[in-house]
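Residue strings, one per chain:
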Amino acid sequence: MERVEEFALTPPQHLGIQQLLKTAFPGYPDRTFYRQLPDFRYLGFKEGKLMAHMAVEHRLLHNAGQVFPIFGVIDLCVDPQFQRRRVASYLLDQLTRLGRAHQIDFLVLIATQHQLYLDNGFQLVSNPCVWMMISGDQSMGLTRRSVKHSLMVKPLSDQQWKEGLVDFLGPIF
């Protein structure tokens, strides 16, 4: 596994990421990100082929009157041939260690499949949220709604997640 800053990705890495994302998420756009470029990625290779990917966004997030530094987990996926080997859990553990070493208060993600994340210390929350809507390559304004059954958080510090409004201070992941 290697951690690579977004701007340092090579053309072959971009191609591998794009292919894995298309395999993992049918209908994924023909690029290596959905809404916005991440800050860095974890990439796992086996015999020169990309077998695992996790994009990460480092940002501030406003939760019920407090602002926290967070890592947003984006597009975590493992090639079907390598699933059920705890690769995704290993990636989440690496990010947890990085976050704790650098005073990140929470890992945050949006997911419809929860078990992997629950098994790795995440909690499902149902806060009302506000974020900048992006469609294609354009900002569409702010939207405010609850992200029911999808918003998950993992505390990395002694900070407490609260039930109030979550402002993503930009686009949702």
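Fair warning: this is a prediction, and the values are worked out from it, not measured in the lab. (Residues numbered from 1 in each chain as written. Predicted model: local features only at pLDDT ≥ 70, side-chain atom pairs only at ≥ 80, totals over all residues. Heavy atoms only, no water.)

A. Layout of a nonpolar patch on the surface. Residues Leu60, Val67 and Leu169 make up a contiguous nonpolar surface patch of roughly 270 Å² in combined accessible area. Its location among the elements puts valine 67 in strand β4 (residues 66–78). (Patch = residues over 30% accessible without salt bridge, like charges linked within 9 Å, V, L, I, M, F, W, Y side chains within 5 Å. Areas by Shrake-Rupley, 256 points an atom, 1.4 Å probe, with all protein chains shown as cover. Salt bridge = Lys/Arg side-chain N within 4 Å of Asp/Glu carboxyl O. Helix = DSSP H or I, 4+ residues; strand = E, 2+ residues; numbered from the N terminus.)

B. Region of interest: the nonpolar core. Core analysis: the biggest nonpolar cluster contains 25 residues, and Tyr42, Met54, Phe71, Leu76, Leu95 and Tyr117 have the highest contact counts within it. For this core, the secondary-structure elements that each account for two or more residues are β2 (40–46), β3 (49–63), β4, α2 (87–101) and β5 (106–110). Residue contributions to this core peak at 6 residues, all from α2. If you look at the next biggest cluster of nonpolar residues, it comprises 18 residues, including Ile70, Trp131, Val153 and Trp161. (Core = buried A, V, L, I, M, F, W, Y, C linked by side-chain atoms within 4.5 Å. Buried < 20%, exposed > 50% of the residue type's maximum accessible area, 1.4 Å probe, protein only.)

C. View of the packing of aromatic side chains. Inspection of the entire model under this criterion finds 9 aromatic pairs. Geometrically, the ring pair formed by phenylalanine 40 and tyrosine 42 is edge-to-face, given 6.1 Å between the ring centres and 70° between the ring planes. Between tryptophan 131 and phenylalanine 168, the ring centres sit 6.4 Å apart and the planes meet at 90°, which makes this aromatic pair edge-to-face. Pair noted here: tryptophan 131 is in strand β7 (residues 128–135) and phenylalanine 168 is in strand β10 (residues 166–171), with a separation of 37 residues, a long-range link. Note on tryptophan 131: relative accessible area 8%, which makes it buried. What links up through ring pairs into an aromatic cluster is the set Phe25, Tyr28 and Tyr34. The aromatic ring of phenylalanine 40 is capped on one face by arginine 3, whose charged end is 5.9 Å from the ring centroid. (Phe/Tyr/Trp six-rings, centres within 6.5 Å; stacked < 30°, edge-to-face > 60°. Lys NZ or Arg CZ within 6 Å of the ring centre and 35° of its normal.)

D. Focus on the pattern of salt bridges. Applying the stated criterion across every chain yields a total of 6 salt bridges. Among the salt bridges present, the one from arginine 41 reaches glutamate 6, with a minimum N-O distance of 2.6 Å. Remark: glutamate 6 occurs in the loop between β1 (2–5) and α1 (11–24) and arginine 41 occurs in strand β2; sequence separation between them is 35 residues. For the pair formed by arginine 41 and glutamate 6, the shared burial category is buried.

E. How the structure looks around empty space enclosed by the protein. Applying the stated criterion across every chain yields a total of 1 cavity of 30 Å³ or more. Its boundaries defined by the atoms lining it, the largest cavity holds a volume of some 90 Å³. Breaking the lining of the largest cavity down by element, the ones donating at least two residues are β3 and β4. No other element matches the 3 residues that β3 contributes to the lining of the largest cavity. A class-by-class count of the residues in the lining of the largest cavity yields 9 nonpolar, 2 polar and 5 charged. (1 Å grid on protein atoms, 1.4 Å probe; cavity = no way out; pocket = protein on both sides within 12 Å on 5 of 7 lines; lining within 4 Å. Points joined across faces, edges and corners; volume = space filled by probe spheres on them. Nonpolar A, V, L, I, M, F, W, Y, C, P; charged D, E, K, R; others polar.)

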